[in-house]
Structures are given as structure tokens and as C-alpha cells.
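# Inside the fold
This is what each chain is made of:
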Amino acid sequence: MTLPEVRTPPRQEERPLEVVTARHPLRWLGAACVLVLLAMVVSALVTNPAWEWDVVGQYLFAPSVVRSVLLTLELTALGIVLGFALGTVLAVMRLLPNRLLSSVAWGYVWLFRSVPLILQLLFWYNLALLYPRLSVGVPFGPAFFDVGTMDLIGPLTAAVLGLALHQAAYAAEIVRGGLLSVDHGQREAAAALGLPPSRRLLRIILPQAMRTIVPNAGNEIIGLVKGTSVVYIMALPELFYQVQVIYNRNGRVMALLLVAAIWYLVLTTALSIVQHYVERHYGRGRA
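Residues numbered from 1 in each chain as written. Predicted model: local features only at pLDDT ≥ 70, side-chain atom pairs only at ≥ 80, totals over all residues. Heavy atoms only, no water.

### Some details on helix α12 (residues 253-282)
With 30 residues, α12 should cover 44 Å at 1.5 Å per step; its first-to-last C-alpha distance of 43 Å lies within 8% of that length. Residues Ala255, Leu256, Leu258, Val259, Ala260, Trp263, Tyr264, Leu267, Thr268 and Gln275 constitute the buried set of α12. Packed against the buried residues of α12 are α2 (53-60), α3 (63-95), α10 (197-227) and α11 (239-250). (Helix = DSSP H or I, 4+ residues; strand = E, 2+ residues; numbered from the N terminus. Expected span 1.5 Å × (residues − 1). Buried < 20%, exposed > 50% of the residue type's maximum accessible area, 1.4 Å probe, protein only. Contact = heavy atoms within 4.5 Å.)

Structure (C-alpha cells):
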């Protein structure tokens, strides 16, 4: 008995799958709206003669303005270096098992974060009203030597003290958060290798903590660039104060404010670029 022959249907030619690109009309609509708004902003800036762009170009690189920018950078650099140096010490003190040291560090952070920066600057600027002379000696005992407060703390010194001590309170919390972000196993592994505590901190813990510290520290540095404008109350010729002096003399208020805004944009943009490369450096090996 023979089985009937099974006929297979003719094989149709396989057609390649057609790839259909996903369409996002709302995205294109949103992008078009944003472009229209940007064009309106640019048009309002360029066509409005009240901005006085010729005056902006005249004063943007004026010698007095450039000197004020350099003073702003000097105040920022001193405030950041001294503030983060002291903040790192305070952060380590907060993490020590010694109750006295950790309590002192906590009290410092509490005090300087609670008092506004402008009040701290005024306090240091008028310190001579409280202590006409500063002395070094035995507490409640004789003094070895003293010096006049006005001779020791001038306006620039008072500004640097106020900015640095205020910044140290915030830097302490940034550094402490970065140190706590490092896995405890890293500390145990470093201790098992017999490394001394200082070497553990500098070579093992701190490089890993920098991944967390750098973004927050970058924000603080950028904030301090703009925060230096507060020292205008001490008549220091930083950028904002100098701009005020010029527009009080010639009446070109908006043009001079725009000069200050452009310089602040340039400074913060430069710092943001530096922050990007520092973050990339400490983020090596991390997805």
C-alpha cells in the first residue's frame, strides 16, 4: 500500500521587513515652540535700544571693570581654598569617635550655617568695636603680645575671613557626605593591609569620595563667585560694587548691569567646564 503523495505549497519569496521610524509629533511641536521663544528673546535683546549694547561694549573691558573681575576671582579663590581646607578638617572631626571634637565640629557647622553671610561679613568688618586689640597669651592670664584689630583686619581680610569661614561650614558637610559614601569594606580592606590612618584617608578613601564631593563642591564654588557680590557692603571694588559706582555716575543702569551679568556668565561657564573635566577624571572606571 503506497501512501498518497503530499504536495507542499509553493514557497513564497521572503520579503525584507520594513522598518518604520517612530514619529514623535509632540516633540517636534515642542522644539518648534522653543525655537520661536528663543527667537523672540533674541529679537527683544537685539532690537530694543534700551539695552544700549554700544555702552555694554564700551565698559565690558574697561580697566576698572577688569580689575574688579580680578578681585572677584581673588576673593573666590581664597574663600574656596581656605573654606574647603577648614571644611575637610571639620568633616574628619565630625567622623571621629571623640565626643569633644565631633561636638565642636557640629557646633561650628550649626553656627555658621545659621547666621547669614552678610551678617558675618559685617561682624568681621566691625570686630574692632568689640575688641580694639587682639592678644595672644594664657586664658584669663597675662598676654604675651597684642596687636590693633584695625591694623590686623582690613576690609579685604574681613571679606576673606567671612567668606572662608562661612564656606567651611558647607564644605564640611559636602566632604563628610563624600566620605560616608565610600563603602565601609574599603576602610576595612585598607586597615587589613596595615596602612596608617592618614594614608588610608589620602590614598584609598578620599579619591573614591571625590566622585561625590566634586559635583556638590562645584555648585558651592559657582555659588561663591556670585556670593562675592555681598562684600559690596564693605566698599570693596569687586564686580558688582564697581558696576554700581559706574552707573551711579553715568546713569546707564541696565547697560552696566548687563556688563556684570556677562562677566558672571563667563566666570561660571569657565568653572563649569573645569568641573566637568574634574568629574570625568575622578569618574574613571565607573560606568
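### Observations concerning the packing of aromatic side chains
As enumerated under the stated definition, the model contains 5 aromatic pairs in all. Consider the rings of tryptophan 106 and tryptophan 110, whose centres lie 6.3 Å apart with planes at 5°: the pair is stacked. Here tryptophan 106 and its partner tryptophan 110 are both found in helix α4 (residues 99-114), 4 residues apart, which amounts to about one turn of the helix. The exposure class assigned to tryptophan 106 is partly exposed, which follows from its relative accessible area of 47%. Where tyrosine 232 meets phenylalanine 240, the ring centres are 5.9 Å apart and the plane angle is 85°; that geometry is what we call edge-to-face. Note on tyrosine 232: relative accessible area 35%, which makes it partly exposed. Overall, phenylalanine 240 belongs to the partly exposed group, its relative accessible area being 24%. (Phe/Tyr/Trp six-rings, centres within 6.5 Å; stacked < 30°, edge-to-face > 60°.)

### Thoughts on the UniProt feature "transmembrane region" (unreviewed entry) in the protein chain
Within the UniProt annotation, "transmembrane region" (unreviewed entry) is assigned to residues 28-51, 71-93, 105-125 and 253-278. Between the C-alpha atoms that bound residues 105-125 there is a distance of 24 Å. The span itself is 90% helix and 0% strand. (UniProt positions renumbered as here; feature names shortened; annotations may be inferred.)

### Some words on the packing of α2 against α12
Interaxial distance between α2 and α12 falls to 9 Å at its minimum, and their mutual angle equals 55°. With respect to α12, the axis of α2 lies oblique. Considering only the axes of α2 and α12, their crossing is right-handed. Taken together, the residues of α12 that come into contact with α2 (itself represented by Trp53, Val55, Val56, Tyr59 and Leu60) are Ala255, Leu256, Leu258, Val259, Ile262 and Trp263. (Axes fitted to C-alpha atoms, helices over the stretch in contact; angles between N-to-C directions. Parallel < 35°, antiparallel > 145°, perpendicular 65-115°, else oblique. Left-handed = near helix turned anticlockwise from the far one by under 90°.)

### Here's the deal with the nonpolar core
Taken as a class, soluble globular proteins show a tendency for nonpolar side chains to be buried jointly. In this structure, Leu75, Phe84, Leu90, Tyr108, Ile213 and Val231 are the most contacted members of the largest nonpolar core, which totals 39 residues. Sorting the residues of this core by element identifies α3, α4, α5 (117-125), α8 (155-180) and α10 as the ones contributing at least two each. In terms of residue count, α8 provides more of this core than any other element does, 12 residues in total. Not counting the four nearest positions on each side in its chain, tyrosine 108 is found in contact with Leu86, Leu90, Leu165, Ala168 and Ala169. (Core = buried A, V, L, I, M, F, W, Y, C linked by side-chain atoms within 4.5 Å.)

### Topic: α8
Along an α-helix, residues three or four positions apart point the same way, because every turn accommodates 3.6 residues. The first and last C-alpha atoms of α8 sit 38 Å apart over 26 residues, in line with the 38 Å expected at 1.5 Å per residue. At alanine 169, α8 is deflected by roughly 30°, the largest bend along its length. (Bend = angle between axes of the 7 residues up to and from the residue.)

### Focus on the packing of α3 against α10
Following both chains from N to C, one finds α3 and α10 inclined at 140°, their axes separated by 12 Å at the closest point. In terms of orientation, α3 and α10 fall into the oblique class. Helix-helix and strand crossings are classified by hand; for α3 and α10 the assignment is right-handed. Residues Thr72, Thr76, Gly79, Ile80, Phe84 and Val92 of α3 lie in contact with α10, whose contacting residues are Leu201, Ala217, Ile221, Leu224 and Val225. Among the residues forming the contact of α3 with α10, the class breakdown is 8 nonpolar, 3 polar and no charged. (Nonpolar A, V, L, I, M, F, W, Y, C, P; charged D, E, K, R; others polar.)

### Description of the pattern of salt bridges
The final tally for this structure, using the stated rule, is 3 salt bridges. Measuring nitrogen to oxygen at the nearest pair gives 2.4 Å for the salt bridge that ties arginine 252 to glutamate 52. A residue pair is termed long-range when its members are at least 10 positions apart, and arginine 252 in the loop between α11 and α12 and glutamate 52 in the loop between α1 (25-47) and α2 qualify at 200 residues. For glutamate 52, a relative accessible area of 18% translates into the label buried. In this structure, glutamate 173 and arginine 94 form a salt bridge, with 3.1 Å as the shortest nitrogen-oxygen distance. You can see glutamate 173 sitting in helix α8 and its partner arginine 94 sitting in helix α3, a full 79 residues away along the chain. Because the salt bridges share partners, they merge into one network encompassing Arg94, Glu173 and Arg176. (Salt bridge = Lys/Arg side-chain N within 4 Å of Asp/Glu carboxyl O.)

### Brief notes about the environment of aspartate 146
Inspection of the secondary structure assignment puts aspartate 146 in strand β2 (residues 143-148). When its relative accessible area of 41% is taken as the criterion, aspartate 146 is described as partly exposed. For the pair aspartate 146 and valine 136, spaced 10 residues apart in sequence, the C-alpha to C-alpha distance is 6.3 Å. Sequence-distant contacts of aspartate 146, that is, excluding residues within four places in its chain, are made with Arg133, Leu134 and Ser135.

### A short note on the side chain of glutamine 275
Mapped onto the fold, glutamine 275 is located in helix α12. With near-sequence residues (within four places) excluded, glutamine 275 lies in contact with Val214, Pro215, Gly218, Asn219 and Ile222.

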